[in-house]
Amino acid sequence: MKSISLRVNGRLYNIEVRDNDRLLEVLRDVLGFKSVKMGCGVGDCGLCIVLMDGRPVNSCLVLAARSDGSEILTVEGLGGEKELHPLQQAFIDVGASQCGYCIPAALLVSYSLQVGKRNPSSEEVRRALRSVLCRCGSYLRFEEALKVAGRDERGDSEKV
Ligand code: FES
Ligand code: FES
C-alpha cells in the first residue's frame, strides 16, 4: 500500500492505494465520483476521462499511485451546487445528452478545449471530441454546445 494525496474538485484527499489500483476505481469506488464511467477498461472508449492537472486522461490507464500530488477534475466539480456550468447548460439547450453515459467525459473534454485554447479550430474540436465514444452519435451536438457556450461567454447576441 502507498499513501497518496490528491485534490479532486478542489478538495484534498489522503488515501491508501495498492500498487495496481487504477485512478478510475479509486475515483468511483473509494471516493464516490460515479460520473467517471467504466467502459472498455483498456484506453479505447474515453468514457473514463477526467482532467488531471488540466489535461484529459483516460483514468483506466492511470495508476492511482501516479496521481499523487495531482489535481483532478470530474464533472461533479464543473458546475456550482446551485447552478450548472455554462457548458452543461449548453449541452442541455442543444439536446446533446441522449442516454447520457458519455456526457461526463464529453463535458470534460469540451471544458479542456474551452479553457486551454481560445477558439480551437473545428478540426481540433472534432478530434478531441472523438476521443470519447458516444454510441448515441451526439458529436455534432457537442460541437454545437461548445459554440453556444463560447458565444454566451463572450456575450454575443447571435442565437443558434
Ligand atoms: S474505460 Fe477507460 S478508455 Fe474505456
Ligand atoms: S449520449 Fe449516449 S453514449 Fe453519448
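Residues numbered from 1 in each chain as written. Chains lettered and ligands numbered in written order. Predicted model: local features only at pLDDT ≥ 70, side-chain atom pairs only at ≥ 80, totals over all residues.

## Concerning the pairing of strand S4 (residues 55-58)
- As judged from the 4 bridges shared by strand S3 (residues 49-52) and S4, these two strands associate in the antiparallel manner. Bridged to Leu51 within S4 is Pro56. (Pairing = 2+ DSSP bridges. Helix = DSSP H or I, 4+ residues; strand = E, 2+ residues; numbered from the N terminus.)

## Describing the environment of Leu133
- Secondary-structure assignment places Leu133 in the loop between helix H4 (122-129) and helix H5 (139-154).
- A sequence separation of 110 residues divides Leu133 from Leu23, and the C-alpha atoms of the two residues are 20 Å apart.
- Residues in contact with Leu133, not counting those within four places in the same chain, are Gly39, Cys45, Gly46, Leu47 and Cys102. (Contact = placed C-beta atoms within 7 Å.)

## A few points about the sheet that holds strand S2 (residues 11-17)
- One open sheet accounts for 5 strands, arranged S2-S1-S5-S3-S4; its pairing is mixed. Of all strands in the sheet, those bounded by a partner on one side alone are S2 and S4. Neighbour-to-neighbour, the strand axes of this sheet turn through a mean angle of 40 degrees, independent of strand direction.
- Bridge analysis of S3 against strand S5 (residues 71-73) gives 2 bridges, and the strand direction is antiparallel. The residue bridging Leu51 from the neighbouring strand is Leu73, located in S5. (Axes fitted to C-alpha atoms, helices over the stretch in contact; angles between N-to-C directions.)

## Things to note about the domain arrangement of the protein chain
- Looking at the protein chain, the domain boundaries give domain 1 (2-77) and domain 2 (86-154).
- Computed from C-alpha atoms alone, the centre-to-centre distance between domain 1 and domain 2 is 21 Å.
- Listed by contribution, the elements that provide at least two residues to the side of domain 1 that touches domain 2 are S3 and S4.
- Counting residues per element, the side of domain 1 that touches domain 2 draws most heavily on S3, which supplies 3 residues.
- The residue inventory of the side of domain 1 that touches domain 2, partitioned by class, reads 9 nonpolar, 5 polar and 2 charged. (Domains from an automatic or database assignment. Nonpolar A, V, L, I, M, F, W, Y, C, P; charged D, E, K, R; others polar.)

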